[in-house]
Amino acid sequence: LMCIDFSDVVIATMLSDEVLAVLGYCYPLLYLMLALGLGVNQGLTILGSEVYIKHGQEAVYDYFLHAIYLSCLIAVVLGAAVFGVIYFEWIDGAFLQYMDMIRSYLNIILMAIFPMFILLLMCSLCQITGKVWVIRDTLALMLLVTCISHPFFALPFGLNMGLNGIAVSKVIVTYIGIMYAGYQIVDWTYFSDKVMQYNHVHFLKILSQALPAACIQLLVPIYLLFLTRIISGYGVSAVAGFSLGYRI
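Residues numbered from 1 in each chain as written. Predicted model: local features only at pLDDT ≥ 70, side-chain atom pairs only at ≥ 80, totals over all residues. Heavy atoms only, no water.

This paragraph deals with the packing of helix 1 (residues 2–15) against helix 5 (residues 133–154). Axis separation between helix 1 and helix 5 bottoms out at 10 Å; the angle between their running directions is 15°. With respect to helix 5, the element helix 1 is oriented roughly parallel. In this structure, helix 1 crosses over helix 5, and the sense of that crossing is right-handed. Here Cys-3, Ile-4, Ser-7, Asp-8, Ile-11 and Leu-15 of helix 1 lie close against helix 5, whose contacting residues are Leu-139, Met-142, Leu-143, Thr-146, His-150, Pro-151 and Ala-154. Looking at the contact of helix 1 with helix 5 residue by residue, the class counts come to nine nonpolar, three polar and one charged. (Axes fitted to C-alpha atoms, helices over the stretch in contact; angles between N-to-C directions. Helix = DSSP H or I, 4+ residues; strand = E, 2+ residues; numbered from the N terminus. Parallel < 35°, antiparallel > 145°, perpendicular 65-115°, else oblique. Left-handed = near helix turned anticlockwise from the far one by under 90°. Contact = heavy atoms within 4.5 Å. Nonpolar A, V, L, I, M, F, W, Y, C, P; charged D, E, K, R; others polar.)

Along the chain, His-202 falls in helix 8 (residues 200–232). Judged by relative accessible area, His-202 falls into the buried class, the value being 17%. Among residues more than four places away in sequence, those in contact with His-202 are Asp-62, Tyr-63 and His-66. (Buried < 20%, exposed > 50% of the residue type's maximum accessible area, 1.4 Å probe, protein only.)

So, on to the packing of aromatic side chains. How two aromatic rings sit relative to each other is set out by the distance from centre to centre and by the angle between their planes. If you walk through the whole model with that rule in mind, you get 12 aromatic pairs. Arranged with centres 6.5 Å apart and planes meeting at 65°, the rings of Tyr-61 and Phe-64 form a pair that is edge-to-face. Of this pair, Tyr-61 and Phe-64 both sit in helix 3 (residues 57–87), three residues apart, roughly one helical turn. As far as burial versus exposure is concerned, Tyr-61 and Phe-64 are alike and both buried. Arranged with centres 5.3 Å apart and planes meeting at 80°, the rings of Phe-152 and Phe-153 form a pair that is edge-to-face. Note on Phe-152: relative accessible area 42%, which makes it partly exposed. Clustering of aromatic rings is evident, with ring pairs tying together Tyr-27, Tyr-31, Phe-242 and Tyr-246. Stacked on the ring of Tyr-27, the Lys or Arg Arg-247 has its end atom at 3.7 Å from the ring centre. (Phe/Tyr/Trp six-rings, centres within 6.5 Å; stacked < 30°, edge-to-face > 60°. Lys NZ or Arg CZ within 6 Å of the ring centre and 35° of its normal.)

Let us look at a nonpolar patch on the surface. A contiguous nonpolar surface patch, about 560 Å² in accessible area, is contributed by Phe-83, Tyr-87, Phe-88 and Trp-90. Within the element layout of this structure, Phe-83 appears in helix 3. (Patch = residues over 30% accessible without salt bridge, like charges linked within 9 Å, V, L, I, M, F, W, Y side chains within 5 Å. Areas by Shrake-Rupley, 256 points an atom, 1.4 Å probe, with all protein chains shown as cover. Salt bridge = Lys/Arg side-chain N within 4 Å of Asp/Glu carboxyl O.)

For the rest of this paragraph, the subject is helix 9 (residues 236–247). Relative to the 16 Å expected for 12 residues at 1.5 Å per residue, helix 9 spans 17 Å between its end C-alpha atoms, a close match to the ideal helical length. For helix 9, every residue scored as buried is listed here: Val-236, Val-239, Ala-240, Ser-243 and Arg-247. Angular distribution of buried residues about the axis of helix 9 spans 100°; they occupy a single face of the element. For helix 9, the secondary structure elements touched by its buried residues are helix 1, helix 2 (17–55) and helix 8. (Expected span 1.5 Å × (residues − 1). Arc of directions from axis to C-beta.)

Across the protein, the average pLDDT comes to 93, with 98% of residues at or above 70. Confidence, expressed as mean pLDDT per element, reaches its minimum in the protein at helix 7 (residues 188–193) with 74 and its maximum at helix 5 with 97. (pLDDT = per-residue confidence, 0-100.)

A few words on the pattern of salt bridges. Evaluated as defined, the whole model comprises seven salt bridges. Put simply, Glu-89 and Arg-103 hold a salt bridge, and the shortest N to O gap is 4.0 Å. Residue Glu-89 is found in the loop between helix 3 and helix 4 (99–129), and its partner Arg-103 is found in helix 4; the two are separated by 14 residues along the sequence. Exposure remark for Arg-103: the relative accessible area of 26% places this residue in the partly exposed category. Asp-100 is the salt-bridge partner of Arg-103, the closest N and O atoms lying 2.8 Å from each other. Note that Arg-103 and Asp-100 are positioned in helix 4 at a spacing of three residues, about one turn of the helix. Through salt bridges with shared partners, one network takes in Glu-89, Asp-100 and Arg-103.

Turning next to the environment of Asp-8. For Asp-8, the location among the structural elements is in helix 1. Overall, Asp-8 belongs to the buried group, its relative accessible area being 2%. C-alpha of Asp-8 to C-alpha of Lys-170: the two residues are 162 residues apart in sequence and 8.9 Å apart in space. Aside from chain neighbours lying at most four places away, what touches Asp-8 is Leu-23, His-150, Ile-166 and Lys-170. For Asp-8, the side chain forms a polar contact with the side chain of His-150, separated by 2.6 Å. (Polar contact = N/O pair within 3.5 Å; in protein donor to acceptor, adjacent residues only side chain to side chain.)

Below is the structure:
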């Protein structure tokens, strides 16, 4: 995961300091989104492991579906929050001149947020059922595709889309990860044979496990968000250097 994330910085350094700075400025927000997804992942893993032992795999799928409902709700809230940040331009003065770049990058990245949540839930299924090699193979495939697609979309010898190219590449890589993991771990015949209905109790059980885990995960991105806001006062170059240093 760190290698996939660090590839963003590698490509950004080949473009310009401004691109690297914008990427670093947006990173705490993306990290915050990922933290919420990891919280739901951990909540499903904790609850699903107990259910898997007592009732088997089919019972886990009920909670898996309700974790998807919760992820969809979180994704909608996050999308609204990002829209508010963009619409009201709640950013530091040093980055107002890069508002168009920030706006287009975040709008593209938003298309990967809900799919990333689904991918994390599939990884949770892998942990619950003991098929952790699926996680390894999925991440290895995503890293390989990233190494190919990032330069192709972002750099001049490819489509030369710059920062938007990095965002498009991340969306594509996420969908590829979902398709591979979904093929390996999810029994789709179960979903096609049974009508999955909403269960309020199951939803609350997932929420009760995911909420504490997400709060713990949020500590780091919140700290990083405030730290980035402080560093942004020293200019774009400072944010670019901090972004590179933090990834290392």
